[in-house]
Amino acid sequence: MQPNEDLGTRVSGLNDWYRLNSATSVLRHALTNPAAGQLALVSSFGAESVVLLHMVSVIDRTTPVIFLDTELLFAETLVYQQELSERLGLKDLRIIRADPNEVQATDPEQSLHRRDNDACCALRKTRPLARALDGFDGWITGRKRYQGGARATLDFFETEEGTGRMKVNPLAHWRPEDVRTYMEENRLPKHPLVARGYPSIGCMPCTSPVTDGDTDPRAGRWRGQDKTECGIHFVDGKMIRTGENA
């Protein structure tokens, strides 16, 4: 890609070039090609996060890794984050939290999620991530098409509307069996909540186990509500709902 190309043209060209390439090839390009700019991996250290974290540790373990600690996470997630970071030798882990003054002013009792979960996500995830990504040219996500909903048409590379950043989704075309195989072949530890029925793990108050009748692995996130994303995947600062380009 030429440096003077606009982001949309570069993203389109990258998707054409890497259409039949592997996740590792896509990630390696993103982390080693100067034209991609400065990127960070944003990781929840959730059920499948270890795959990308491991890939990053192999390609370039100095890659900035941003972890949003909402202070409403499962204790198991916090322990898993610490143990995995040490095991993989991540050199630039950035633990990001909401502005304490803002939390004290708007959610001192940690009950905002009961009244307005979109506002809670904005307070604890969206705005802190926006601050953390300031100065980066783009970021890497672990989203996959098989997760359904608005993610079903993901490409490897995206243009993030409103920010001028590129989003990279190396695992976009992976299937559940690809994730399992990679973890088994590399002997990677699973998040402890996976064995208890949590294939997708977010904040404790808004995440429940998936039942036998659920077909969507994210069914336990904001169960029974018209909400499918926490808000970190947004357009012009607005929450992306099912059917839009999350």
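As the structure is a prediction and not an experimental result, all values here were calculated from the model.

S.K.: Which parts of the structure should I look at to understand the sheet that holds strand 6 (residues 165-168)?
M.R.: Across a sheet, strands are paired by hydrogen bonds formed along the backbone, either parallel or antiparallel in direction. With mixed pairing, six strands are arranged side by side in an open sheet as 3-2-1-4-6-5. The sheet terminates laterally at strand 3 (93-96) and strand 5 (157-160), the two strands that pair on one side only. In this sheet, neighbouring strand axes are inclined to one another by 30° on average, regardless of whether the strands run parallel or antiparallel. Summarising the sheet, strand 4 (residues 138-140) and strand 6 pair through three bridges and their orientation is parallel. Within the sheet, the bridge partner assigned to Ile-140 lies in strand 6 and is Val-168.

S.K.: How should I be thinking about the packing of aromatic side chains in this particular structure?
M.R.: When we look at a pair of aromatic rings, we describe it by the centre distance and by the angle of the planes. Throughout the structure, instances matching the rule amount to four aromatic pairs. Measuring from ring centre to ring centre gives 6.0 Å for Tyr-18 and Phe-157, while their planes differ by 55°; the resulting arrangement is tilted. Linking Tyr-18 in the loop between helix 1 (7-17) and helix 2 (23-32) with Phe-157 in strand 5, this pair joins segments that are 139 residues apart in sequence. Taking the relative accessible area as the measure of exposure, Phe-157 reaches 2% and is therefore buried. Summarising the aromatic geometry, the rings of Phe-45 and Phe-67 are spaced 5.3 Å apart at their centres and angled 80° between planes, so their arrangement reads as edge-to-face. You can see Phe-45 sitting in the loop between strand 1 (39-42) and helix 3 (49-60) and its partner Phe-67 sitting in strand 2 (residues 65-68), a full 22 residues away along the chain. Taking the relative accessible area as the measure of exposure, Phe-45 reaches 0% and is therefore buried. Owing to a relative accessible area of 1%, Phe-67 belongs among the buried residues under this scheme.

S.K.: Got a minute to help me understand the nonpolar core in this structure?
M.R.: Side chains of a nonpolar character, in soluble globular proteins, are inclined to be buried together. Judged by nonpolar contacts, the single largest core of 47 residues is most densely connected at Met-55 and Phe-157. The element contributing the most residues to this core is helix 3, with seven residues. With near-sequence residues (within four places) excluded, Phe-157 lies in contact with Val-11, Leu-14, Asn-15, Tyr-18, Val-26, His-29, Met-166, Lys-167 and Val-168. Residues Val-42, Ile-96, Leu-133 and Trp-139 belong to the second largest nonpolar core, which totals 10 residues.

S.K.: Explain helix 8 (residues 176-185) to me, please; I cannot follow it from the model alone.
M.R.: What sets the pattern is the α-helix's 3.6 residues per turn: residues three or four places apart point alike. Within the span of helix 8, buried status applies to Val-179, Tyr-182 and Met-183. With its buried residues spanning 95° around the axis, helix 8 presents them on a single face. Turned more than 90 degrees away from the buried face of helix 8, the exposed residues are Glu-184 and Glu-185. Residues of helix 8 that are buried sit in contact with helix 3.

Calculation notes
Residues numbered from 1 in each chain as written. Predicted model: local features only at pLDDT ≥ 70, side-chain atom pairs only at ≥ 80, totals over all residues. Heavy atoms only, no water. Pairing = 2+ DSSP bridges. Helix = DSSP H or I, 4+ residues; strand = E, 2+ residues; numbered from the N terminus. Axes fitted to C-alpha atoms, helices over the stretch in contact; angles between N-to-C directions. Phe/Tyr/Trp six-rings, centres within 6.5 Å; stacked < 30°, edge-to-face > 60°. Buried < 20%, exposed > 50% of the residue type's maximum accessible area, 1.4 Å probe, protein only. Core = buried A, V, L, I, M, F, W, Y, C linked by side-chain atoms within 4.5 Å. Contact = heavy atoms within 4.5 Å. Arc of directions from axis to C-beta.

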